[in-house]
Amino acid sequence: MAKITLSNLRHSYLPSPSGPADYALKEIDLDWQDGGAYALLGPSGCGKSTLLNIISGLLTPSEGRILFDDRDVTDLPPDQRNIAQVFQFPVIYDTMTVRDNLAFPLRNRGVDEGRIAERVAEIAQMLEVEEMLDIRASHLSPDNKQKISMGRGLVRDDVNVVMFDEPLTVIDPHLKWKLRSKLKELHQRVRATMIYVTHDQTEALTFADQVVVMQDGEIVQIGTPVELFERPQHTFVGHFIGSPGMNVLPAEESDGAVRFQGRQVALEGAVTGQGGITQIGVRPEFVSLTDAGLPARVNKVSDVGRHAVVEAMVGDTAVKAIVEGELPEQGAEIHLAFRPDHTRLYRDGWLSTEAQT
Amino acid sequence: MKTENQKAWFFVLPVLFLVAFNALVPIMTVVNYSVQETFGNNVFFWQGLDWFEQILRSDRFQAALGRQFLFTFLILIIEIPLGIIIALSMPKKGMWVPVCLVLMALPMLIPWNVVGAMWNIFTLPKIGLLGYFLNDVLGIAYDMTQNPFAAWVTIIVMDVWHWTSLVVLLSYAGLVSIPDAYYQAAKIDGASPWKVFRYIQLPKMKTVLTIAILLRFMDSFNIYTEPFVLTGGGPGNSTTLLSIDLVKIALGQFDLGPAAAMSLIYFAITLLVSWLFYTLMTKDDAQ
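Residues numbered from 1 in each chain as written. Chains lettered and ligands numbered in written order. Predicted model: local features only at pLDDT ≥ 70, side-chain atom pairs only at ≥ 80, totals over all residues.

With that settled, the discussion passes to the overall build of chain A. Counting its secondary structure elements, chain A contains 8 helices and 22 strands. Its C-alpha atoms give chain A principal-axis dimensions of roughly 75 × 45 × 35 Å. Evaluated residue by residue, chain A yields a buried proportion of 41% over its 357 residues. By sequence separation, contacts in chain A at least 24 residues apart represent 67% of the contacts at least 6 residues apart. (Helix = DSSP H or I, 4+ residues; strand = E, 2+ residues; numbered from the N terminus. Buried ≥ 20, exposed ≤ 12 C-beta atoms within 10 Å, placed from the backbone. Contact = placed C-beta atoms within 7 Å.)

As structure tokens, then:
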């Protein structure tokens, strides 16, 4: 168990990177608290697997240090870092039994057989795989294989961190949910630091206490699921998280007022900074249909169950609103209102309004 | 609804005809010869299983069979581990991959009789590069035309040179199909290189290795051209393998009956051993 510190981390897969574009990871400074459940969320190719492999030691970063409890481990190989990693595709040793698979990391470290038997029994019970212990691992179903590869990570009681690299990719949808809650339960029992890499917001938000959102090799926001939802620091976070994502609308700034389609829009707080490309961000949850407000024409209404998503055109810009109750007809002229405490200005993508006090 | 008719047979007919023409009929001809005696003019006398008995009892056949098994055993025990070692040490990615693959494939592209001729010239004591080097530079007495041991070493080395590549390429194909995650997981689990080989690489190569062993067994057990061109079965009979002996009986002595019986025995042995190999090597998967 340890606190993990990433300091000034940069990584490029090219031998001599010349510009920021050559870096898969740009300047990462981050602390992972001991025992936390973290998710690393971002679209494919944003550098999250690179970051994970750097923490596990499979990759050496081009620049920067990694500290486990203030001990520099940057140059240590994976087996000396006491970490565990679960991969996208279940990695099991086909020719071994489930029991031998679970015992493998301990045997390699010379733990005595009595202790191994004890730990394997404990983990098997935790993962509910006791009745499979003596069958060949190659005969297991994908979800059980994935459980075993998790088990190999958890069997060592000295692990600093368990990392999951999109572990549910090959699992059937109805088992995903089961395995995910199993993971959450495991975290509560073993209290090891866990980092869960995914591009699926549902997985990230249900598993993690803290979500780290990445884009293009940069961390754009770190926060609890609620913070990410309620106050995105970047239009990317607003857009990436939520279903549908935040409305990001072109805005003009003049005389201290912010206008959208020529109409002034009330924001959560005072505008900071100046210049750049300005956009208004407001989640569909905070857009409502009113009698007076922004005039719009309904373009599309999709009923998604508990509520409906109404897409309306304000001038040439589409705005989405989540509506419960009575729905407007397609083509109807309506008026929209944004809830001021959830309407913000973004400058060059980054949040540019002061929080309400 | 189930449709059932006999149309399929109609589509199989052309193939059946081809197979009959180039396999069944010739084999039946051999069977025919193996149970009869002829002195030409298409006059045949029934012999029953006499030829089979004669062949199986003959010292000459037993000796050739013994040499054949020894040869196959030796090349398998050299080529399979060597092939795996070379495959393991080949680069997995980068510009050297195609270079290695092409270099590996080269020996296999050379026609068999050319391989025999090459090695013959290469190893001849006075004029061959290797023969000259061993005898006159290093002072090692080496003459594969006179010394049976030297002849054996030469045909074994020649076969290893010619065919190890096959094992390499097949093993390599098995190796590159292993996802990186396996190696990464093994690193994290603290597995030693030997354990990585034993529990990851070897199991993943098993299918291709089964094929490699089967192919190498069948090919080496039926080998004819290369040793024939290289040593002609000599010195004496020391490198007369089964197929060389068979051709001597069939075309040299024109003993068609015994030769036919021997062919069938030969065929049966090849088939039986291949089946045994395959059954043993795939036994685990069936569990």
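That shown, we press on.
With antiparallel pairing, the 4 strands of this open sheet are ordered in space as S11-S15-S21-S22 (chain A). Whereas interior strands pair on both sides, the edge strands pair on one side only; in this sheet they are strand S11 (247–250) and strand S22 (350–351) of chain A. (Pairing = 2+ DSSP bridges.)

Turning next to the pairing of strand S8 (residues 193–198) of chain A. Along any regular strand, the residues point their side chains to alternate faces of the sheet. Residue and element names in this part refer to chain A. With 6 of 6 residues buried, S8 lies mostly within the body of the structure. The alternating pattern of S8 places Thr-193, Ile-195 and Val-197 and Met-194, Tyr-196 and Thr-198 on opposite faces, both of which are buried. As paired elements, strand S3 (residues 37–41) and S8 share 5 bridges and run parallel to each other. Paired with Leu-40 across the bridge in S8 is Val-197. As judged from the 5 bridges shared by strand S7 (residues 161–165) and S8, these two strands associate in the parallel manner.

Taken together, the contact between chain B and chain A spans 13 residues of the former and 20 residues of the latter. Among the elements of the structure, helix H8 (180–188) and helix H9 (193–221) of chain B are those that each provide at least two residues to the side of chain B that touches chain A. Counting residues per element, the side of chain B that touches chain A draws most heavily on H8 of chain B, which supplies 6 residues.

Moving on, we get to the pairing of strand S20 (residues 333–338) of chain A. All names here are of chain A. Strand direction decides the pairing type here: strand S16 (residues 287–290) and S20, joined by 4 bridges, are antiparallel. Across the sheet, Leu-289 pairs through a bridge with Leu-336, a residue of S20. Bridge count between strand S17 (residues 294–303) and S20: 4 bridges; the pairing is antiparallel. The residue of S20 that forms the bridge with Arg-297 is Glu-333.

Reading across from one edge, S12-S13-S14 (chain A) is the order of the 3 strands in this open sheet, with antiparallel pairing throughout. Whereas interior strands pair on both sides, the edge strands pair on one side only; in this sheet they are strand S12 (252–254) and strand S14 (263–264) of chain A.

This next bit is on the nonpolar core. Residues and elements named next belong to chain A. One finds Ala-39, Leu-40, Ile-195 and Tyr-196 to be the most contacted residues of the largest nonpolar core, which totals 76 residues. Of the residues forming this core, the biggest block, 5 residues, is contributed by helix H2 (residues 98–108). Not counting residues within four places of it along the chain, the set of residues in contact with Leu-40 comprises Lys-48, Leu-51, Leu-52, Ile-195, Tyr-196, Val-197, Val-212 and Met-214. In this structure, Val-310, Val-314, Phe-338 and Leu-345 belong to the second largest nonpolar core, which totals 20 residues. (Core = buried A, V, L, I, M, F, W, Y, C linked by C-beta atoms within 7 Å.)

The next point concerns unusual backbone geometry. Residues and elements named next belong to chain A. Cis geometry is adopted by the peptide bond preceding Pro-244, which originates at Ser-243 and carries an omega value of -5 degrees. With respect to the secondary-structure elements, Pro-244 resides in the loop between helix H8 (235–240) and S11. If you check the backbone angles, Glu-166 has positive phi at about 40 degrees while not being a glycine. For Glu-166, the location among the structural elements is in the loop between S7 and helix H5 (173–190).

A few words now on the domain arrangement of chain A. For chain A, the domain assignment lists domain 1 (4–230) and domain 2 (243–351). Using C-alpha coordinates to define each centre, domain 1 of chain A is positioned 39 Å away from domain 2 of chain A. (Domains from an automatic or database assignment.)

Residue and element names in this part refer to chain B. By the element assignment, Thr-240 lies in the loop between helix H10 (225–230) and helix H11 (242–252). In the structure, Thr-240 is positioned 205 residues away from Val-35 in sequence and 25 Å away in space, judged by C-alpha atoms. For Thr-240, the contacting residues outside a window of four places in its chain are Ala-64, Arg-67, Gly-233 and Asp-245.

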